[in-house]
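Structural overview
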Amino acid sequence: MPITPAGLKAKREWLGLSAAQIGNVLGVSGRTIRHWEANKHPVPEWATDQILDLIQVTEALEATMAAGTGPILTYPTDQARPADMWLPAAWHRAAAARVAHQTGRDIDYQEDQP
């Protein structure tokens, strides 16, 4: 079942992504995302599936972060993230913030930036 417009916006914000960023991930424009969120057009089922997959990827990242010790490491900018990280640094920072909140650990930037 497709997610509601409000569900899409809440999930996008939870992921730490702008409409343009999640649009880029889904292969649509930020304007299309904004139209889905405003209920001008229904959220397609394929987009729902991809967003739910992205949430699973995010939850796996958070589990890995939570299992560590010391500060949770993240990236200050998209240019500083690893080349194989296909999601924006903002997504990574949002996950780090949730884990830091849950664990009481601090957040720091990766020292070895590409």
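Please refer to the structure placed before this passage.
Described in the following lines is the structure provided in the data block. Since the structure is predicted, the reported quantities are computational estimates derived from the model, not experimental observations.

With that settled, the discussion passes to unusual backbone geometry. Even without being glycine, N39 reaches a positive phi, approximately 65 degrees. With respect to the helices, strands and loops of the structure, N39 is situated in the loop between α3 (30-37) and α4 (45-67). Since its relative accessible area comes to 55%, N39 is described here as exposed.

This paragraph deals with the packing of aromatic side chains. Per the stated rule, a full pass over the model turns up one aromatic pair. Look at W36 and W46: their rings are 6.0 Å apart centre to centre, the planes differ by 75 degrees, and that puts the pair in the edge-to-face class. Here W46 lies in helix α4 and W36 lies in helix α3, a separation of ten residues in the sequence. On the basis of relative accessibility, which here comes to 5%, the residue W36 falls in the buried class.

In the structure shown here, the tally under the stated rule is three salt bridges. Notably, a salt bridge pairs R98 with E62, separated by 2.6 Å at the nearest N-O pair. Of this pair, R98 sits in helix α5 (residues 89-103) while E62 is found in helix α4, placing the two residues 36 residues apart along the sequence. Residue class for R98 comes out buried when judged on its relative accessible area of 16%. The class for E62 is buried, based on a relative accessible area of 10%.

Scoring rules and cut-offs
- Residues numbered from 1 in each chain as written.
- Predicted model: local features only at pLDDT ≥ 70, side-chain atom pairs only at ≥ 80, totals over all residues.
- Heavy atoms only, no water.
- Helix = DSSP H or I, 4+ residues; strand = E, 2+ residues; numbered from the N terminus.
- Buried < 20%, exposed > 50% of the residue type's maximum accessible area, 1.4 Å probe, protein only.
- Phe/Tyr/Trp six-rings, centres within 6.5 Å; stacked < 30°, edge-to-face > 60°.
- Salt bridge = Lys/Arg side-chain N within 4 Å of Asp/Glu carboxyl O.

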